[in-house]
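What follows is each chain in one-letter form.
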Amino acid sequence: MKGKIAFEEHFAIEETLGETRNFAGDSGMWDEFTEQILDLDDRRLAHMDESGIELAVLSLNAPGVQCITDADQAMDVARKGNERMAEAVARHPDRYAAFAALPMHDPVAAAGELTRCVRELGFKGCMVNGFQQVGNPDNVKYYDLPEYRDFWATVSELDVPFYLHPRMQIPSRAENYEGHPWLMSAPWGFAVETSIHALRLCGSGVFDDHPNLKICIGHLGENIPFGLWRIDARMRFSRRNYRGKRPLGDYFRENFHVTTSGNFNDAAFRCTLDVLDHDKIYFCADYPFEKMEDAAGWYDNTDVISNEDRLRIGRINALNLLNLDLD
Ligand code: GRE
Ligand code: ZN
């Protein structure tokens, strides 16, 4: 299918590249991976052409600024990344858009940078890589904490999506992965970490205060669609400190937007489509961690997606979510 829009598509700047090294695959792949993730011109555009992706919304690689403990330094790196994306969009305005990188140490500063990126640079939203490490590496913040309520008010007011991207748990909180570092990252731990963060948001009441918030998550929903029925079923017996006014599933179905990034699988897609309305599902690749050709090869050909849904999920839903004005 031509004309697809994809929006979990990463690039790196020199300052954020190193943290990604563990994930790039075998060391033999690092050189090529490095070229792919730094490039914002011909190489990337050629892959987009090859796989029918008309527009890619760029974002900084994970964990990006979320692992920079110093607030000022994180802001410098975020701004540098954001400027780099703005330049790429200016060079190729019909092929790229951008999601802001945000340092989340200080909710007011984060809201300020998001506002600047959306209002002045024309960014379409933001991508944040899970919890923020603040001050020292063992101090982390999740965004359901009360201090982030004003930040969410700004996201709601700007009416742009917030993409919650995975990151790996930090060693001091990861005892249960002991001896199994492979389990901590993309094969499983990414989804555990991101789903917990997403569910914490649901349980915080933030969607009661700001019902128009749009949270994107990738990888066909970080395993939440598969578990959603059971969450609500069990919470009829034990709600403990759950602060949402409505059942959790209501928030997931209304406030969450789920993408195919890095999960090109019929069974998982069927489950997601069963749980979420087809207006809440989107095509994404997750380049360069995934090949765009693999993402598109599956998406364009699988018969679990009707042709009408293929166009909707591959393009139309993204035009609406991102408020894009393509012809
Ligand atoms: C991602 O961006 O989704 C990602 C990483 C690192 C490894 C695998 C992966 O950031 O999918
Ligand atoms: Zn990704």
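You'll find the structure just up there.
Let me sum up the structure you'll find in this document. (Residues numbered from 1 in each chain as written. Chains lettered and ligands numbered in written order. Predicted model: local features only at pLDDT ≥ 70, side-chain atom pairs only at ≥ 80, totals over all residues. Heavy atoms only, no water.)

This next bit is on the overall build of the protein chain. What the protein chain contains, in helices and strands, is 13 helices and 10 strands. Here the protein chain has a C-alpha radius of gyration of 19 Å; the compact-globule value for 327 residues is 20 Å, and the two agree. Seen through its principal axes, the protein chain has C-alpha atoms that stretch 55 × 45 × 45 Å. Every one of the 327 residues in the protein chain was classed for burial, and the buried ones make up 57%. Partitioning the intrachain contacts of the protein chain with sequence separation of at least 6 by distance along the chain shows that 78% fall at a separation of at least 24. (Helix = DSSP H or I, 4+ residues; strand = E, 2+ residues; numbered from the N terminus. Rg over C-alpha atoms; globule rule 2.2 N^0.38 Å. Buried < 20%, exposed > 50% of the residue type's maximum accessible area, 1.4 Å probe, protein only. Contact = heavy atoms within 4.5 Å.)

Below, the discussion takes up the packing of aromatic side chains. Applying the stated rule across the entire model yields 19 aromatic pairs. Their ring planes at 45° and their centres at 5.5 Å tell us that Phe131 and Tyr142 sit as a pair that is tilted. With Phe131 in the loop between strand S4 (125–128) and strand S5 (132–133) and Tyr142 in the loop between strand S6 (140–141) and helix H6 (149–158), this residue pair connects regions lying 11 residues apart in the sequence. Look at Trp298 and Tyr299: their rings are 6.2 Å apart centre to centre, the planes differ by 65°, and that puts the pair in the edge-to-face class. For the pair Trp298 and Tyr299, one class covers both residues: buried. Taken together through their ring pairs, the aromatic side chains of Tyr143, Tyr148, Phe151, Trp152 and Phe162 make up a single cluster. A cation over a ring is seen here: Lys4 above Phe283, with NZ or CZ 5.5 Å from the ring centre. One cation-aromatic arrangement involves Arg200 over Tyr142; the distance from NZ or CZ to the ring centre is 4.2 Å. (Phe/Tyr/Trp six-rings, centres within 6.5 Å; stacked < 30°, edge-to-face > 60°. Lys NZ or Arg CZ within 6 Å of the ring centre and 35° of its normal.)

Moving on: the sheet that holds S4. Across the sheet, which stays open at both edges, the eight strands sit in the order S1-S2-S3-S4-S7-S8-S9-S10 with parallel pairing between neighbours. Edge strands, defined here as strands with exactly one partner in the open sheet, are strand S1 (4–11) and strand S10 (281–282). Sheet topology places strand S3 (residues 96–100) next to S4; two bridges connect them, and they run parallel. Bridge pairing in S4 links Ala100 to Cys126. Strands in contact with helix H13 (residues 307–321) are S1, strand S2 (53–60), strand S8 (215–217), strand S9 (256–259) and S10; relative to S1, the strand with the most contacts, it is inclined by about 75°. (Pairing = 2+ DSSP bridges. Axes fitted to C-alpha atoms, helices over the stretch in contact; angles between N-to-C directions.)

The next subject is the site of ligand 1. Around ligand 1, the neighbouring residues are Glu8, His10, Phe23, Ala62, His165, Ala186, Phe190, His219, Asp286 and Phe289. At a separation of 3.4 Å, an oxygen atom of ligand 1 approaches a polar side-chain atom of Glu8. When ligand 1 is considered free in solution it has 280 Å² of accessible area, and contact with the protein chains removes 94% of it. Taken together, the residues of the shell around ligand 1 break down into five nonpolar, three polar and two charged. (Near = heavy atom within 4 Å. Polar contact = N/O pair within 3.5 Å; in protein donor to acceptor, adjacent residues only side chain to side chain. Areas by Shrake-Rupley, 256 points an atom, 1.4 Å probe, with all protein chains shown as cover. Nonpolar A, V, L, I, M, F, W, Y, C, P; charged D, E, K, R; others polar.)

On to the coordination of the zinc ion (ligand 2). Those protein atoms acting as donors to the zinc ion (ligand 2) are Glu8 (OE), His10 (NE2), His165 (NE2) and Asp286 (OD), and they sit at 1.9 to 2.3 Å. Geometry at the zinc ion (ligand 2) is irregular, judged from the six donor atoms that bind it and their angles of 54 to 174° at the metal. The motif formed by the donor residues of the zinc ion (ligand 2), counted along the single chain, is E-x1-H-x154-H-x120-D. Remark: Asp286 occurs in the loop between S10 and helix H12 (292–301) and His165 occurs in the loop between strand S7 (162–164) and helix H7 (189–203); sequence separation between them is 121 residues. Like Asp286, His165 is buried. (Donors = N, O, S within 2.8 Å, 3.2 Å for Na, K, Ca; no water. Tetrahedral: all angles 85-135°; square planar, octahedral: opposite > 155°, others 65-115°.)

Let's shift gears to the environment of Val57. Relative to the helices and strands, Val57 resides in strand S2. A residue is classified by how much of its surface remains accessible, and Val57, at 0% relative accessible area, is buried. In sequence terms Val57 and Glu9 are 48 residues apart; their C-alpha atoms lie 6.4 Å from each other. Setting aside its immediate chain neighbours within four residues, Val57 contacts Ala6, Phe7, Glu9, Ala97, Ala98, Phe99 and Leu322.

Within helix H10 (residues 248–255) the residues assigned to the buried category are Leu248, Gly249, Tyr251, Phe252 and Asn255. The buried side chains of H10 occupy one side of the element, clustering within an arc of 165° when seen end-on. Lining the buried residues of H10 we find H7, helix H8 (206–209), S8, helix H9 (224–235) and S9. (Arc of directions from axis to C-beta.)

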